[in-house]
Amino acid sequence: MHILHVVGARPNLMKVAPVMSALKQYSRFRQTLIHTGQHYDTNMSDVFFQQLEIPVPDMNLGVGSGSHARQTAEIMTRFEPIILERKPDLVLVYGDVNSTVAAALVCAKLLVRVGHVEAGLRSFDRAMPEEINRLVTDQLADLLFTPSEDGDRNLAREGIAANKVHLVGNVMIDSLVRLLPAAMKQRLNGLPDRYVLVTLHRPANVDDDHNLKILLQSLLEVNSQLKVVFPVHPRTRQRIADFEFDASQLDLREPLPYIEFLALQRRATAVITDSGGIQEETTYLKVPCLTLRNNTERPVTVTMGTNVLVGQNGAGLRTELAKVLAGKQKSSAVPPLWDGHAGDRIAEFLDKL
Ligand code: UD1
């Protein structure tokens with residue numbers, strides 16, 4: 001059975017790694033890996049392949065940046081001939097980025113079976129580009145691998161047949177479990193015992209100068225109490241420069257490799273983020289997470305985990321951070337099947353097909 005995996009952006013990489021590694025244990029699977037090139041900077045892509053031990057892609061489509069329409073169309077145009085030529089039995093797509101939906105659309109039209117890893121997540125906020133990608137990909141997929149039960153419920157509500165949906169757990173946590181020992185060996189030179197780790201890159205937070213200014217001002221305020229360590233996504237770095245904001249008091253860093261970032265998360269007093277995956281990682285690590293959004297497609301991180309939605313205007317952040325600093329952290333648990341074996345469950349399932 002020939003399985004072709006498609007990745008494009010940084011958060012796809014920690015998801016594909018455990019699935020490829022689990023499938024490798026079975027001789028009946030032949031695997032091909034295609035990188036769309038949506039993310040192309042070394043520290044957004046190459047270094048993750050090395051640390052996560054993902055095989056070198058069989059092909060990189062080199063699509064690069066662009067508007068949503070242009071990027072999605074470019075991926076589709078460059079991906080279609082690959083499917084026609086390589087004729088995979090199944091294509092696996094990951095997460096909710098433009099590469100995910102573009103590849104799923106190409107396959108659906110060529111009648112090639114598609115499996116969606118991390119299916120069923122919903123923020124119910126269609127202003128978020130990822131929500132559109134999730135909705136469309138899940139409608140097109142033949143196999144839907146969900147990380148948590150809320151995903152199964154969302155898919156049932158959208159009329160997706162239950163026999164296509166398989167609750168396997170969280171593949172991103174597989175990578176975390178595997179590399180946590182390496183992260184624990186990392187030295188955090190020059191950092192105080194207590195610090196706050198920040199990431200910020202969502203268009204709703206950084207593309208609008210008013211919103212970005214409010215958030216940066218809140219971070220400067222936090223920084224006066226506790227050191228703020230902030231690895232900056234290229235999109236955010238560009239916006240800070242475009243809007244001529246002075247953020248030089250913050251410890252701004254280049255985007256970090258996986259193991260180094262995990263080491264920083266594990267030891268952080270709190271994490272402030274607008275990322276999706278980090279809400280999950282902090283829940284597993286039991287580190288308080290303050291999410292700069294009004295909604296989340298990962299509600300289990302709020303109901304069971306360490307995550308609190310603090311909105312985008314700074315006030316919620318202030319209140320919730322004060323609680324964490326006063327030691328009033330909410331109690332939390334790790335959701336079921338977030339155990340390091342989600343990739344194994346996908347491979348076992350595919351072996352029985
Ligand atoms: C994408 C995903 C988002 C994910 C994020 C993680 C979509 C719709 N969004 O957002 O879900 O959380 O990746 O990083 O797919 N850039 C570089 N170098 C790179 C990549 C991007 O400089 O290697 C810059 C470019 O200026 C580009 C901008 O970042 O225009 C945004 O990149 P893009 O791939 O469009 O979306 P992300 O914001 O990274």
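The notes below deal with the structure included here. Predicted, not measured: the structure shown is a model, and the values here were computed from it. (Residues numbered from 1 in each chain as written. Predicted model: local features only at pLDDT ≥ 70, side-chain atom pairs only at ≥ 80, totals over all residues. Heavy atoms only, no water.)

To continue, consider the overall build of the chain. Per the secondary structure count, the chain includes 15 helices and 13 strands. Taken over the C-alpha atoms alone, the chain extends approximately 55 × 40 × 40 Å along its principal axes. Out of the 353 residues belonging to the chain, those deemed buried represent 57%. In the chain, of all internal contacts separated by at least 6 residues, the share reaching a separation of at least 24 is 69%. (Helix = DSSP H or I, 4+ residues; strand = E, 2+ residues; numbered from the N terminus. Buried < 20%, exposed > 50% of the residue type's maximum accessible area, 1.4 Å probe, protein only. Contact = heavy atoms within 4.5 Å.)

Turning next to the sheet that holds strand S6 (residues 143-146). As summarised here, the arrangement of the seven strands in space is S3-S2-S1-S4-S5-S6-S7, forming an open sheet in which the pairing is parallel. Two strands close off the open sheet at either side, each with one partner strand: strand S3 (59-60) and strand S7 (165-167). Here four bridges tie strand S1 (residues 2-7) to strand S4 (residues 90-94), and the two strands are oriented parallel to one another. Following the sheet pairing, Val6 is matched in S4 by Val93. Across the face of the sheet, helix H3 (residues 68-86) comes into contact with S1, strand S2 (30-35), S3 and S4 while running at roughly 170 degrees to S1. Strand contacts of helix H4 (residues 98-109): S1, S4 and strand S5 (113-117), with the helix running at about 160 degrees to S4, the strand carrying the most contacts. (Pairing = 2+ DSSP bridges. Axes fitted to C-alpha atoms, helices over the stretch in contact; angles between N-to-C directions.)

Before going further, it helps to examine the pairing of S2. Bridge count between S1 and S2: six bridges; the pairing is parallel. By the bridge assignment, Val6 is partnered in S2 with Ile34. Since S1 and S2 lie parallel, the crossover through helix H1 (residues 10-23) that links them has a hand, and here it is right-handed. In this structure, S2 lies alongside S3, joined through two bridges in parallel fashion. When the bridges of S3 are listed, Ile34 appears paired with Met59. Taken together, S2, helix H2 (residues 46-52) and S3 constitute a β-α-β crossover, and its handedness is right-handed. (Right-handed = clockwise from strand over helix to strand, strands pointing away.)

A word on unusual backbone geometry. Here the phi dihedral of Glu118 falls at roughly 85 degrees; this positive angle occurs in a residue that is not glycine. Take Glu118: it is sitting in the loop between S5 and helix H5 (129-140). You will see that Lys286, though not glycine, has its phi angle at about 60 degrees, which is positive. One can find Lys286 in the loop between helix H12 (277-285) and strand S12 (289-291).

The next subject is the environment of Ser45. Turning to its location among the elements, Ser45 is positioned in the loop between S2 and H2. When the C-alpha atoms of Ser45 and Ala9 are compared, they prove to be 7.3 Å apart, with 36 residues separating the residues in sequence. What Ser45 contacts, discounting residues up to four positions off in sequence, is Leu13, His35 and His39. Within the structure, Ser45 has its side chain in polar contact with the side chain of His35 (distance 2.9 Å). (Polar contact = N/O pair within 3.5 Å; in protein donor to acceptor, adjacent residues only side chain to side chain.)

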